[in-house]
Amino acid sequence: MVTTYYSEEHEWITVDGNTGTVGITDFAQEQLGDIVFAEVTKENEEVTKDDEVAVVESVKAASDIFSPVSGRISEVNVLLEDAPETINSDPLENGWIFKITITNPDELDDLMDLDSYNQFVESIK
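Residues numbered from 1 in each chain as written. Predicted model: local features only at pLDDT ≥ 70, side-chain atom pairs only at ≥ 80, totals over all residues. Heavy atoms only, no water.

A. Just the overall build of the protein chain, in detail. Counting its secondary structure elements, the protein chain contains four helices and nine strands. Listing the helices and strands of the protein chain from first to last along the sequence gives β-β-β-α-β-β-β-β-β-α-α-β-α. Over its C-alpha atoms the protein chain spans a radius of gyration of 13 Å, differing by no more than 12% from the 14 Å that the globule rule assigns to 125 residues. Dimensions of the protein chain, computed from C-alpha atoms along their principal axes, come out at roughly 35 × 35 × 25 Å. A buried classification covers 46% of the 125 residues belonging to the protein chain. For the protein chain, contacts bridging at least 24 residues in sequence account for 57% of all contacts bridging at least 6. Surface summary for the protein chain: the accessible area is close to 6,700 Å², and the carbon and sulfur share equals 43%. Separation between the mean location of the 6 positive side-chain charges and that of the 29 negative ones in the protein chain comes to 2 Å. (Helix = DSSP H or I, 4+ residues; strand = E, 2+ residues; numbered from the N terminus. Rg over C-alpha atoms; globule rule 2.2 N^0.38 Å. Buried < 20%, exposed > 50% of the residue type's maximum accessible area, 1.4 Å probe, protein only. Contact = heavy atoms within 4.5 Å. Areas by Shrake-Rupley, 256 points an atom, 1.4 Å probe, with all protein chains shown as cover. Lys, Arg positive; Asp, Glu negative; His and termini not counted. Charge placed at Lys NZ, Arg CZ, Asp CG, Glu CD.)

The structure is reproduced here in structure tokens:
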């Protein structure tokens, strides 16, 4: 079963087994504006929940992307090297940033489902 969770830092993680695919939410990419550059930590790097894993730069600002869970970076989205704007045009599908092999699935309990995330976004607008 595939489940998607959301963080207060506006990352989403879709979990299938022990693999998570991570990107930023539609709300986050709208706040950033046109993304012109994305840099991701190298594959096979061990990260801890809330570690900075990537940076995306837009015409407005640079923003750190944090890992919503602990694990090992198993894949980075190489498409973003030449087409970082994919994060804007397709943030929830092809605009994913990295994949992670989750080492502590209990950390998913700290994240929100879509309804909770939408309520969170409304509370900060």
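B. Up close: the sheet that holds strand β4 (residues 35–40). Taken together, three strands build an open sheet; the order of strands is β4-β6-β7 and the sheet is antiparallel. Bordering the open sheet on either side are β4 and β7 (62–66), each of which pairs with just one other strand. With strand direction ignored, the average angle separating the axes of adjacent strands in the sheet is 20 degrees. Bridge count between β4 and strand β6 (residues 52–58): five bridges; the pairing is antiparallel. Bridge pairing in β6 places F37 opposite E57. (Pairing = 2+ DSSP bridges. Axes fitted to C-alpha atoms, helices over the stretch in contact; angles between N-to-C directions.)

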